[in-house]
Amino acid sequence: MLVFAARRIALAFVVVVGVIVVTFIVAHVVPGDPAATWAGPHASASQIVQARKFLGLDRPLAVQLVSYLGGVASGNWGVSIHTHRSVLSDLLTAAPPSLELVITALVLAIVAGIPLGLLSARRPGRPADQAIRAGSILGISMPIFWMALILQLVFSQRLKWLPAAGEYSPSLLFTHPLVRRTGFPVIDALISGNLPMLGSTLKYLILPAIVVAAYPAGLIARMVRAQVLDTIGETHILNARALGFGEWQIFGRFAMKLAWTPVAAAIALVFGYSLVNTFLVESIFDWPGLGSYAAASISTLDTPAILGVTLFVAVAYVVANLVVDVVQAAIDPRIRLR
Amino acid sequence: MIETPTITPPKAAIPRGAMWRGLRANPLLAVGGGVVLLIVIVAIFAPLVAPFPADAGTATHPFEVLKAPSAAHWFGTDQVGRDILSRVMVGARVSPVIAVIVLALACLVGIPLGVAAGFLGGWVDEVIMRVTDVFLAFPPLLLALALAAVLPASLTSLTIAIAAVWWPWYVRLLRGQAASVAGRPYVEACRALGISRLSIIFRHILPNSITPVLVQVSLDVGGVILTASALSFLGLGAQDPVPDWGLMVAEGQNYFTPDWWLVTFPGLAILVTAFAFNLLGDGLRDLFDPRRSFLR
Amino acid sequence: MTGNNRAVTGRLAISDLTIRFGSRQVVAIDGLRLDHAEILGLAGESGSGKSMTTLAVLGLAHTVGANVSGSIRLDGQELTGLSQEDLRAIRGRRIAAIFQNPSTAFNPVYRVGTIMTRALALHGATKSEAADRATDAMRQVLLQPDLMRRYPSQLSGGQLQRVAIALAVALRAEVLLADEPTSALDVTVQAEVLDLLRDLRESIGMSILFISHDLAVVAELCDRVAVMRQGLIVEQGPAGQVLSAPANPYTIELLESVPKLAGTT
């Protein structure tokens, strides 16, 4: 088990290095001369040459790459053009709200997706199955930014059931201000015993979380259905039936335990995808996370920030996959006994 | 994206009767295929069928601004008075074309690399797969976004950005196919007889791979369309006046609260298109891999 | 003679059993009887309906979409027509089954011991009772009890088949339906499993329905034999009689297809 984990960690490390290299390459695909851009439109030729030297762009590409790698490892991810702060510190501030959103969405997706997938597999071909399948495909076909706008319109503007945007009710800023410690609004409200704020943060979380949960829920339901149906014809299921186990035990326990492996892999995948999906919805919901930061960086053409976000999310994705792989090996003997 | 079809073993040609029975028993395929066909027809004939085809171009109508849906304008008009129905119809040409180009490029790059990796094995396999793994370590939208952000915003940049991100899946798929075929006894026999590797590739590996590639492509179209519309929404793709659906949603955002039709219809078009292609892809997968059929 | 005019009695009594897929009939058994401490061989080619019969006796034919009509009695109690809930109490506990491919018969993500204790608990044993009975049963099938902690992939085919039999023993089943239990095993391992089945008949009086396409094995093991062809029982009787003096032409065909060493009959 430890050997497996060690091997996977080493592999992940290699992949991360590769990711950094690819990000570097993307950074240097920029057409035009970055030195000229930096120096400004009225710079003279010699000033541009000076700029190039200053930015280190006159060094051979390999040297630039090594220096970039070193920079990333030591925490120097560049300076954001639109916030004028270190990109890394920007990212660390922006990450918790996004993580809160994504984790909540994943929890919703799992709680909805797994039972629906099981139900679907229980009576394949019947109306419930068809409906769930259609719903799942709808979930994975949904343009998330559109869904955000529509839900905002319907539930906020028209029905007034849920708040439109923000992390919490602005009126509470004065009466029950939020003391930020971890950066996660819900957790901060919880640990400081700020109940009105807790209620508010939860309420404001609902709509964005539902929007982000649509794709994962659809994917998980489909995955569970497919995996369970794949195993249901196998002899060990017949054996379980012959031993007297009931259908729900068979689906919910025996078949599901087998399905966990690919479903867990799917969860890692949708974690990464959802983190990127927040880029599309955070500005709609005024959610101050990585997504808003990314959207702002894109509209101001803030290249260091864009690359910083890319690197950050990609590394988070690699880590998530690593964690899932190791957990999977702990649960499923077939993986570690291979 | 992770839903690659299982590797299909080489089988005898499917009898025609079975194909038709499969179609009738497979409502997903029928509905998905039907809607896709409709979208393709609309896309091809849009300039002829759309009520105000010029509105998909540079025409503006300052006196018809922000009109709600009516008999004259079924989908209403936008902030410069253009008929939204016409723009949506002509916009049907944008996304599918991007999808076709992206997937063609992905196959063009991914198939040879995958076959090389799976068939030749050894260090070729290792190198190709490590590079592929690195690209797969990025959620697709993320890397496409980074690329599109550093390139000047246009449909071309968007297409290149997405294509650069989509090929790894095809490398993996073909590698699996090639490796599975390469390990078979009859291939060993072929080699023993002195038949060239290239010949084996073209006569055995590629024909067996057509089905899974076809299924993967149809499953991917929806994903590419969603990615493309997301990037356009962020302003990284098509620019005004191109009637790209994602761009239309972005432009309509500011007017959304009273004038809901600017956002609703283009977004609905994205949803329906992605949905139809996903149904089609699912249907094809069920058709070619009967083990997965819901009938059992 | 198929015995359709005699009242079918015995521990497990099947009469007028038909199994259908829609309008297509796949099995039609007039009468089949399995007594206490008896091994009945059900022989025939693949596709003759032997496995469907097993499913029908377990009340699981509906899981593959088949309809069952007729009578299946266990110790006089009628099984067809019972609710699934009632049948679940009988499955495992009174009628056990083992299948052809032992390596796929156990859920790969569970330790074999866990499946045993869970099954025992399902049928009313307490945790400690279950552990004890499982351990005893393992010993009875000549396996070390600590093998219970292993996963199916860590046990050989022969060992897994014994674990399957141990399950039946631990549950104190009266009837064991053995569907081609040795077909996937090596000859030497096969012999061990057959010995075990004989032993169960002697020691606890288990009734065993031994299904096989291999007449040689049937001849060696079974007390009585029923020959099945395309869903019908074409011949039934004591093993010695049926196999040395077959009355039905199909039985003769089957016997002739068994490879023999030169110089023996």
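Calculation criteria
- Residues numbered from 1 in each chain as written.
- Chains lettered and ligands numbered in written order.
- Predicted model: local features only at pLDDT ≥ 70, side-chain atom pairs only at ≥ 80, totals over all residues.
- Heavy atoms only, no water.
- Helix = DSSP H or I, 4+ residues; strand = E, 2+ residues; numbered from the N terminus.
- Buried < 20%, exposed > 50% of the residue type's maximum accessible area, 1.4 Å probe, protein only.
- Areas by Shrake-Rupley, 256 points an atom, 1.4 Å probe, with all protein chains shown as cover.
- Domains from an automatic or database assignment.
- Contact = heavy atoms within 4.5 Å.
- Buried area = accessible area lost by both parts, 1.4 Å probe.
- Salt bridge = Lys/Arg side-chain N within 4 Å of Asp/Glu carboxyl O.
- Nonpolar A, V, L, I, M, F, W, Y, C, P; charged D, E, K, R; others polar.
- Phe/Tyr/Trp six-rings, centres within 6.5 Å; stacked < 30°, edge-to-face > 60°.
- Lys NZ or Arg CZ within 6 Å of the ring centre and 35° of its normal.
- Axes fitted to C-alpha atoms, helices over the stretch in contact; angles between N-to-C directions.
- Left-handed = near helix turned anticlockwise from the far one by under 90°.
- Core = buried A, V, L, I, M, F, W, Y, C linked by side-chain atoms within 4.5 Å.
- Polar contact = N/O pair within 3.5 Å; in protein donor to acceptor, adjacent residues only side chain to side chain.
- Arc of directions from axis to C-beta.
- Expected span 1.5 Å × (residues − 1).
- Pairing = 2+ DSSP bridges.

A.B. asks: Explanation requested: the overall build of chain A in the structure shown.
C.D. replies: Looking only at helices and strands, chain A features 15 helices and zero strands. Taking the principal axes of the C-alpha coordinates as reference, chain A spans close to 85 × 55 × 35 Å. Sorting the 338 residues of chain A into buried and exposed places 54% on the buried side. Surface accessibility of chain A: about 14,600 Å² in total, with carbon and sulfur atoms responsible for 70%.

A.B. asks: Please clarify how the domain arrangement of chain C should be interpreted in this entry.
C.D. replies: How large an interface is tends to be reported as the accessible area lost when its parts come together. Residue and element names in this part refer to chain C. Segmentation of chain C into domains returns domain 1 (1-94 + 173-265) and domain 2 (102-172). Computed from C-alpha coordinates alone, the two centres of domain 1 and domain 2 are separated by 24 Å. Listed as interface residues are 20 residues of domain 1 and, on the opposing side, 13 residues of domain 2. The junction of domain 1 with domain 2 conceals about 1,300 Å² of combined surface from both sides, 68% of it contributed by carbon and sulfur atoms. Looking at the side of domain 1 facing domain 2, the largest losses of area belong to Arg93, Ala173 and Leu196, adding up to 35% of the total buried there. In this structure, arginine 162 engages glutamate 192 in a salt bridge whose closest nitrogen and oxygen atoms are separated by 2.8 Å. When contributions to the side of domain 1 that touches domain 2 are tallied by element, the ones reaching two or more residues are helix H2 (84-90) and helix H6 (187-204). Counting residues per element, the side of domain 1 that touches domain 2 draws most heavily on H6, which supplies eight residues. In terms of residue class, the side of domain 1 that touches domain 2 is made up of 13 nonpolar, two polar and five charged.

A.B. asks: How should the packing of aromatic side chains be read in this particular structure?
C.D. replies: For any pair of aromatic rings, geometry is given as the distance between the ring centres together with the angle between the planes. Under the definition given, this model contains 10 aromatic pairs over all chains. Centre to centre, the rings of A:Phe145 and B:Phe233 are 4.4 Å apart; their planes meet at 15°, and the pair counts as stacked. One end of the pair, A:Phe145, is in helix H7 (residues 144-158); the other, B:Phe233, is in helix H9 (residues 197-233), on a second chain. For the pair A:Phe145 and B:Phe233, a shared accessibility class is recorded, and that class is buried. Here a set of aromatic residues connected by ring pairs shows up, and it is made of B:Phe75, B:Trp260, B:Trp261 and B:Phe265. Here the basic side chain of A:Arg122 rests over the ring of A:Trp248, its NZ or CZ set 5.2 Å away from the ring centre.

A.B. asks: In this structure, what is going on with the environment of B:Gly237? I would like to understand it.
C.D. replies: All names here are of chain B. By secondary structure assignment, the location of glycine 237 is in the loop between H9 and helix H10 (245-252). Its relative accessible area of 0% is what places glycine 237 among the buried residues. Placed 180 residues apart in sequence, glycine 237 and glycine 57 show a C-alpha to C-alpha distance of 17 Å. The contacts of glycine 237, once residues within four sequence positions are left out, are Ala153, Ser154, Leu155, Leu158, Leu231 and Ser232.

A.B. asks: What am I meant to see in the packing of helix H13 (residues 290-299) of chain A against helix H14 (residues 303-331) of chain A here?
C.D. replies: Geometrically, a packed helix pair is captured by the angle between its two axes and the distance between the axes. All names here are of chain A. Look at H13 against H14: their axes get within 9 Å of each other, and the N-to-C directions meet at 145°. Both H13 and H14 take part in a crossing whose hand is left-handed. Along the contact surface, H13 presents Leu290, Tyr293, Ala294, Ser297 and Ile298, while H14 presents Ala305, Ile306, Val309, Phe312 and Val313. Its residues assigned to classes, the contact of H13 with H14 shows nine nonpolar, one polar and no charged.

A.B. asks: Teacher, can you tell me more about the nonpolar core here?
C.D. replies: Soluble globular proteins: nonpolar side chains tend toward being buried together. Formed by 167 residues in total, the largest nonpolar core has its most connected members in A:Phe145, A:Leu280, B:Ile162, B:Trp166 and B:Leu231. In this structure, this core is formed jointly by two domains, domain 1 (25-91) and domain 2 (95-237) of chain B, each of which donates at least three residues.

A.B. asks: What's the story with the arrangement of the chains in this structure? I'm lost.
C.D. replies: The chain pair with the greatest number of contacts, out of two pairs of chains in contact, is formed by chains A and B. Taking C-alpha atoms as the reference, chain B and chain C come no closer than 8 Å and do not contact one another.

A.B. asks: Quick question: what am I supposed to make of the interface of chain A and chain C here?
C.D. replies: Taken together, the contacts link 19 residues of chain A with 27 residues of chain C. Each partner contributes to the roughly 2,200 Å² buried at the junction of chain A and chain C, and carbon and sulfur atoms together form 67% of this total. Together, A:Asn239, A:Ala242 and A:Leu243 form the three largest contributors to the area buried by chain A at its contact with chain C, with a combined 24%. Taken together, the connections running from chain A to chain C amount to zero salt bridges. The interface formed by chain A and chain C holds seven residue pairs in polar contact (both at pLDDT 80 or more) in total. Secondary-structure elements contributing two or more residues to the side of chain A that touches chain C are helix H11 (235-242), helix H12 (247-281) and helix H15 (333-336) of chain A. In terms of residue count, H11(A) provides more of the side of chain A that touches chain C than any other element does, six residues in total. Class assignment of the residues belonging to the side of chain A that touches chain C gives a composition of eight nonpolar, five polar and six charged.

A.B. asks: Whenever I open this one, helix H3 (residues 112-122) of chain C confuses me. Can you help?
C.D. replies: Each turn of an α-helix holds 3.6 residues, which means side chains three or four residues apart point in the same direction. All names here are of chain C. For H3, the complete set of buried residues consists of Val112, Gly113, Ile115, Met116, Ala119 and Leu120. Down the axis of H3, the smallest arc covering the buried residues is 160°, so these residues share one side. In this structure, the buried side of H3 is in contact with helix H4 (127-140) and helix H5 (157-170). Backbone geometry just after H3 places glycine 124 at a positive phi near 105°.

A.B. asks: Help me out: how do you make sense of helix H5 (residues 122-136) of chain B in this one?
C.D. replies: In this model H5(B) runs 21 Å from its N-terminal to its C-terminal C-alpha over 15 residues, within 8% of the 21 Å that 1.5 Å per residue would give. Here H5(B) has its buried residues at B:Val124, B:Asp125, B:Ile128, B:Met129, B:Thr132, B:Asp133, B:Val134 and B:Leu136. Summarising the contacts, the buried residues of H5(B) are in contact with helix H1 (2-27) and H14 of chain A together with helix H4 (94-120) and helix H7 (155-182) of chain B.

A.B. asks: Would you take a moment to explain the pairing of strand E3 (residues 39-43) of chain C for this structure?
C.D. replies: Put simply, side chains in a regular strand alternate between the two faces of the sheet. Residues and elements named next belong to chain C. Within E3, five of the five residues are buried, which leaves the element mostly enclosed by the surrounding structure. Judged by which residues are buried, E3 turns out to be covered on both faces: Ile39, Gly41 and Ala43 on one side and Leu40 and Leu42 on the other are all buried. By the bridge criterion, five bridges tie E3 to strand E8 (residues 207-212) in an arrangement that is parallel. Each residue of the ladder has a partner; that of leucine 40, found in E8, is leucine 209. As defined by bridge partners, E3 adjoins strand E9 (residues 224-229) across four bridges and the pair is classed as parallel. Residue leucine 40 lies in a different strand from E9, and its bridge partner there is arginine 224.

A.B. asks: Can you help me understand the pattern of salt bridges in this one?
C.D. replies: Two side chains of opposite charge can pair, provided their charged atoms sit close to one another. Residue and element names in this part refer to chain C. Counting across every chain of the model gives 24 salt bridges over all chains. We note a salt bridge from glutamate 78 to arginine 73, for which the minimum N-O separation is 3.9 Å. Accessibility expressed as a relative area gives 25% for glutamate 78, which makes it partly exposed.

A.B. asks: Explain the interface of chain B and chain A here, please?
C.D. replies: Contacts between the two partners involve 52 residues from chain B and, on the opposite side, 54 residues from chain A. Summing both sides of the interface, chain B and chain A together bury roughly 4,600 Å²; the carbon and sulfur share of this comes to 77%. The residue B:Asp282 makes a salt bridge to A:Arg222 at a minimum N-O spacing of 2.8 Å. Summed over the shared surface of chain B and chain A, the number is five residue pairs in polar contact (both at pLDDT 80 or more). It is helix H11 (residues 261-288) of chain B that provides the largest number of residues to the side of chain B that touches chain A, a total of 13 residues.

A.B. asks: Whenever I open this one, the environment of C:Asp179 confuses me. Can you help?
C.D. replies: All names here are of chain C. Along the chain, aspartate 179 falls in strand E7 (residues 175-179). For aspartate 179, a relative accessible area of 9% translates into the label buried. Distance in space between the C-alpha atoms of aspartate 179 and alanine 97 is 7.5 Å, their sequence separation being 82 residues. The contacts of aspartate 179, once residues within four sequence positions are left out, are Ser51, Thr54, Ile98, Phe99, Gln100 and Ile211. Of the polar contacts made by the side chain of aspartate 179, one reaches the side chain of serine 51; its length is 2.8 Å.

A.B. asks: Is there a simple way to explain the side chain of A:Ser156 in this structure?
C.D. replies: Within the element layout of this structure, A:Ser156 appears in helix H7. Filtering out sequence-adjacent residues up to four positions away, A:Ser156 remains in contact with A:Leu151, A:Leu162, A:Pro163, A:Ala164 and A:Leu207.

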